[in-house]
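# Examination of the molecular architecture
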Amino acid sequence: MSQHSKRADNFIKDEARTDWHDKALWHVREKRDASAEKLPEWELLRATASQVKDNVLSNLDNYLVQFEAEAKKNGVIVHWAEDAADHNNIIGEILKKHNARKIVKSKSMLTEECKLNDFLEEKDIEIIDTDLGERIIQLRKEPPSHVVLPAIHIKKEEVGELFHQKLGTEKGNSDPTYLTKAARTHLRNKFFEADAAITGVNFGIAETGGVVICTNEGNADMGCHSAPVQIHCMGIEKLLPNAEHLGVFIRLLARSATGQPSTIYTSHYQKPRPGTEMHVVIVDNGRSTHLGKEDFRNSLKCIRCGACMNTCPIYRRSGGHSYHSTIPGPIGAILSPNKNLKEYSDLPFASTLCGSCSDVCPVKINIHEQLYKWRQEIYRNNELLKSKTIPLKITTKVFENPSVYNSLGKFARGSLRNLPNFMIYNGWNAWGKQRDLPEAPKEGFKEWYKKNRDE
Amino acid sequence: MKVGLFVPCYIDQFFPEVGIATLQLLEKHNCEVIFPDQQTCCGQPMANTGMEQEGKKIYNDLAGLFAGCEYIVAPSPSCVHHIRAHYDIVEQTKEIKNLRKQTFDIVEFLVDILKIDHLEASFPHRVGLHQSCHGLRGMHLGKPSELMSDIPSKWDKVLKMVDGIDLAMLNRADECCGFGGTFAVAEEAVSVKMGKDRLADHNSNNVEVLTSGDMSCLMHLQGIAKRQKSGPKIVHIANILNGDQL
Amino acid sequence: MSKAAILERIKKNKPELVELPDLSVFQHEVPQENLIKDFIEVSTGNMSNVVSIIDSEVPLQTFLKEFIAKNFPLATTFYDLSRSEEHPTEVDFTQTPVDLFIAEAKLGVAENGGLWFDDSILKQRISTFACEHTLMIIDHKTIVPTMHQAYQKIKIAETGYGVFIAGPSKTADIEQSLVVGAQGAVSNTVILI
């Protein structure tokens, strides 16, 4: 069994919980549908966003140079990080310069990717994730299971118990309002004590040198406007050419993610406030190499809305952690093999290729086609399990030889009253665990045709 | 009109009645049907597992068999979609080009090429349609629920021509059944859970007969229903359109 | 060093230039009465309390005084940016809890209820996030249909910081249950003038 299938198998053992998880995410998908339906121009918006991102990827070097120049004019300090280690060291240096020991961070998949929290904690620097969902999983010492809904896999009773232990809330109280208020009080103090604030970036604007961050809680703003140093970590692919392009993307992002017409806060950071510092760390970490892979480059268009996770029938029934990668779900399954083909060679197979992810994607990434292409790539690199390749090679030989194919089928049915083995890809054991095989018909279509038409 | 009949491997081996209904449907609509006996498979099982390079001979052989046909028709959107979308890895010979361009699913062929407006068929049952993913999202035989564009359903169109049919609305109109080729065995737990959930949706909407254009999805759903000893009867759409009775 | 290497790889690996699409297709007009209706509906959906005094003759400051006395009877500390002639003194929000934030937004967006504030209004960026309650005034004539028009009107390059605020702070991170008042304001009132 592959990593994903093992973890999925384990997840599904609790069927009631699987149903709960599935329904919660399906509900988000339905909210997305209702929101998209209200805009007659929805499909045009998707096509436009896709083309803007194509333009960005095709002119990325120039946009990055322009972004840096404009940001510098605004008094922003810009850094370039080759990889995760580089990114962490740059942040480490900034914090050291300011003798910053207490850090607040708002949601950023990039810092997850770079394992920034581990890096800072090793230096005895306190780093607090301030998005409520992120804080919950941080207290549980778990990675997020979703890019927008990081704690979607956790029940409120579990949050109640966690907060009781860590934040001293009353035992047995799992009322979401009560727990949220407790987190608010806990985090307010963290914001006001913070020596520095770190955020991810939803969009960088080449024309203005600014960054845009979208939240519902206001946690990015609470951090950035309290602390004397604000640091924004941005993947190279996050740029948009001009401010006007934000119109397209802000309209799509929250609607795709949760069905909201926009997040509550859409914050545009251009310049540091007087007496403070603003840094932007531009991070590559494999993206510029990924850009060179023609079949796979357009996954760099992703705006991390999570819609492909909400719609994916496999994700909903196996949970984000079954993907064992920073970004889970369909988009994670095509991004992760770029980083490590061997480690993530199971992920492109965690899909039926149903295509719902591609149709729901606001920037029209051909996710399911890339899943198919990654499978070819994995076979080419000898990373496919022998238990898959050997029976399929035998099946191929049968299909290549019509007379063998015809007689094997006839033989199996005639002599054994059975189904021909080559048709079930050696997977009878797994197939038959919870499913019956069809009954073998007395004669196949070809035999019927010979008798009834081929006179 | 000379039409080549392509009966995919699993239909030939497991569900010959689907091939027979497809053949009879074409004959009823005055097609001159030829059936090359040397056909086997479209190569999708290997390709979806990453081994498309191994399937090149199968692709070329299949194209060669149907070289003389004006149209090629199969009762399986999944196989048709595979031929159209993935036969780009072999040299685009005249035969390959013809196969990719002229191969149709039976429902698509009835609607788009034969442009039928009625059927001699009656099926007085409550029917739930499983919109198989390759037909739905790959070929737009129906409107994917994610898309906000206007795509008329070809499946609905032909089913509505059948007398007495009562089409059920489902809670989730187009969720995948979880078959997915070798996915069905490689990700057994998720695959079966998806199938169970699909069946539960049909059951809760009092579906008596579950139909689809793709027999592979139906084989998976039927396998689960049989094991559970409950659930709707499973019938391919070609059988319903052909007027076959339960 | 990193910069040169990154840019070099991008130059080598990027695809052929793709043109930018035309955005003028999104510039459709919407009658103003619909705009206001949409704005109120969406803002209410975002859990803002919307009060229209568009047709009222009462001067704004008089209205506000009564409204606040009635609706925020317990409020004792204010950060009021609505009277342009007298700016509030600087507040250390990290030390001092403030009950009510009051300011007039520059522009509103009908499709999502977003209200635009930038540095020219927000003397202290933290103010609108740190105050317990927010009261936002919006001139109905400044409401635009969508974000496309909004970005044509606002000039983000000319400000240090700007934000669209579409309601009170909220979260649904615990079992998808909506809770208002996550990190920012716990309530938001919109006064349409």
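As recorded in an unreviewed UniProt entry, chain C goes by LUD domain-containing protein and comes from Autumnicola psychrophila.

Taking an unreviewed UniProt entry as the reference, chain A is identified by name as Lactate utilization protein B belonging to Autumnicola psychrophila.

Here the focus is the overall build of chain A. Check the secondary structure of chain A and you find 22 helices and ten strands. Once the C-alpha set of chain A is aligned to its principal axes, its extents read approximately 95 × 55 × 45 Å. Classification of the 455 residues of chain A by burial places 58% in the buried group. The contacts in chain A between residues at least 6 apart in sequence include a share of 73% that link residues at least 24 apart.

Attention now moves to the interface of chain C and chain A. With 60 residues of chain C at the contact, the number on the chain A side is 70 residues. Contributions of two or more residues to the side of chain C that touches chain A are made by helix H1 (2–13), helix H5 (147–153), strand S8 (161–165) and strand S9 (170–171) of chain C. The element that contributes the greatest number of residues to the side of chain C that touches chain A is H1(C), accounting for ten residues. Of the residues in the side of chain C that touches chain A, the class split is 28 nonpolar, 20 polar and twelve charged. When strand S9 (residues 265–269) of chain A meets S8(C), the two strands line up antiparallel, connected through five bridges. Bridge assignment links His268(A) to a residue of S8(C), and that residue is Gly162(C).

This next bit is on the nonpolar core. Among the nonpolar cores identified, the biggest contains 261 residues, and Ile103(A), Ala196(A), Phe249(A), Val281(A) and Val73(B) are the most heavily contacted of them. The element best represented in this core is helix H12 (residues 244–257) of chain A, accounting for eight residues. If we ignore the near neighbours within four places in the chain, the residues touching Val281(A) are His79(A), Ala81(A), His87(A), Ile90(A), Ile91(A), Ile231(A), Cys233(A) and Met234(A).

This brings us to the pairing of strand S7 (residues 209–212) of chain B. All names here are of chain B. Across the two faces of S7 the burial is the same, with Val209 and Thr211 and Leu210 and Ser212 all buried. Of the strand pairs in this sheet, strand S5 (residues 126–130) and S7 are connected by four bridges, and their pairing is parallel. Of the residues in S7, the one forming a bridge with Leu129 is Thr211. Pairing analysis gives four bridges linking S7 to strand S8 (residues 233–236), with the strands arranged parallel. Its bridge partner lying in S8, Ser212 is registered against His236. Each parallel crossover has a hand, and the one from S7 via helix H12 (residues 215–228) to S8 is right-handed.

Turning our eyes to something else, we now look at the sheet that holds strand S10 (residues 277–283) of chain A. Residue and element names in this part refer to chain A. The parallel open sheet is built from six strands, whose spatial order is S1-S10-S7-S4-S2-S3. Two strands bound the open sheet, and with one partner strand each, they are strand S1 (77–81) and strand S3 (126–129). With direction set aside, neighbouring strand axes in the sheet form an average angle of 20 degrees. Relative to S10, strand S7 (residues 229–235) is paired through seven bridges, and the arrangement is parallel. Paired with Val229 across the strands is Glu277, a residue of S10.

When the UniProt feature table is mapped onto this chain numbering, "domain: LUD" (unreviewed entry) sits at residues 95–193 of chain C. This span, residues 95–193 of chain C, is 11% helix and 35% strand, and a straight line between its end C-alpha atoms measures 34 Å.

What follows deals with the environment of Lys57(B). Along the chain, the position of Lys57(B) falls in helix H4 (residues 56–65). Along the backbone, Lys57(B) and Gln39(B) are 18 residues apart, and their C-alpha atoms lie at a distance of 12 Å.

Let us now look at the interface of chain B and chain A. One widely used convention gives an interface's size as the accessible area the parts lose upon coming together. Facing 60 residues of chain B, the contacting portion of chain A comprises 61 residues. Where the side of chain B that touches chain A is concerned, the elements lending two or more residues are helix H1 (9–14), helix H2 (16–28), helix H3 (44–47), H4, helix H8 (133–138), helix H10 (183–186), helix H11 (188–204) and H12 of chain B. Across the side of chain B that touches chain A, the residue classes break down as 30 nonpolar, 17 polar and 13 charged.

Residues and elements named next belong to chain C. Ordered in space as S1-S11-S6-S3-S2, the five strands form an open sheet in which the pairing is parallel. Only two strands of the sheet have a single partner each, and these edge strands are strand S1 (49–52) and strand S2 (78–80). Between one strand axis and the next, the sheet turns by 15 degrees as a mean value, whatever way the strands run. When S2 meets strand S3 (residues 100–104), the two strands line up parallel, connected through three bridges.

Our focus in this paragraph is helix H6 (residues 94–102) of chain B. All names here are of chain B. By the burial criterion, the buried members of H6 are Glu95, Ile96 and Leu99. For H6, the buried positions fall inside an angular range of 100 degrees around the axis, keeping them on one side. Across from the buried face of H6, at angles greater than 90 degrees, the exposed residues are Lys94, Lys97 and Lys101. Elements that come into contact with the buried residues of H6 comprise H4, strand S3 (71–74), helix H5 (77–86) and strand S4 (103–105).

What follows deals with the arrangement of the chains. Take the two pairs of chains in contact: the one carrying the most contacts is chains A and C. For chain B and chain C, which are not in contact, the least C-alpha distance works out to 17 Å.

Our focus in this paragraph is the environment of His134(B). Residues and elements named next belong to chain B. Locating His134 in the fold gives a position in helix H8. Residue classification places His134 among the buried residues on the basis of 27 C-beta atoms within 10 Å. Along the chain, His134 and Ser78 lie 56 residues apart, while their C-alpha atoms are 5.2 Å from each other. Apart from residues no more than four positions distant in its own chain, His134 is found in contact with Pro77, Ser78, His81 and Met139.

Residues and elements named next belong to chain C. Mean pLDDT over chain C works out to 93, with 99% of the residues at or above the 70 mark. Least confident of the elements in chain C is S2, whose mean pLDDT is 91; most confident is S8, at 98. Taken over the whole predicted complex, pTM reads 0.96, whereas the ipTM for its chain interfaces reads 0.96.

This part takes up helix H2 (residues 32–45) of chain C. Because the α-helix completes a turn every 3.6 residues, residues three or four places apart line up on one side. All names here are of chain C. Here H2 is 14 residues long and its end C-alpha atoms lie 20 Å apart, about the 20 Å a rise of 1.5 Å per residue gives. Within H2, the full set of buried residues consists of Leu35, Phe39, Ile40, Val42 and Ser43. For H2, the elements touching its buried residues are S1, strand S4 (107–109), strand S7 (143–144) and strand S11 (187–192). Met47 sits one or two residues past H2 and shows a positive phi near 75 degrees.

We now examine the pairing of S3(C). All names here are of chain C. Across the five residues of S3, five count as buried, placing the element largely inside the fold. By the alternation rule, side chains of S3 split into Leu100, Ile102 and Glu104 and Phe101 and Ala103, which are all buried. Pairing between S3 and strand S6 (residues 133–138): five bridges, direction parallel. Note on S6: the bridge partner recorded for Ala103 is Met136.

Calculation rules
- Residues numbered from 1 in each chain as written.
- Chains lettered and ligands numbered in written order.
- Predicted model: local features only at pLDDT ≥ 70, side-chain atom pairs only at ≥ 80, totals over all residues.
- Helix = DSSP H or I, 4+ residues; strand = E, 2+ residues; numbered from the N terminus.
- Buried ≥ 20, exposed ≤ 12 C-beta atoms within 10 Å, placed from the backbone.
- Contact = placed C-beta atoms within 7 Å.
- Nonpolar A, V, L, I, M, F, W, Y, C, P; charged D, E, K, R; others polar.
- Pairing = 2+ DSSP bridges.
- Core = buried A, V, L, I, M, F, W, Y, C linked by C-beta atoms within 7 Å.
- Right-handed = clockwise from strand over helix to strand, strands pointing away.
- Axes fitted to C-alpha atoms, helices over the stretch in contact; angles between N-to-C directions.
- UniProt positions renumbered as here; feature names shortened; annotations may be inferred.
- Arc of directions from axis to C-beta.
- pLDDT = per-residue confidence, 0-100.
- Expected span 1.5 Å × (residues − 1).

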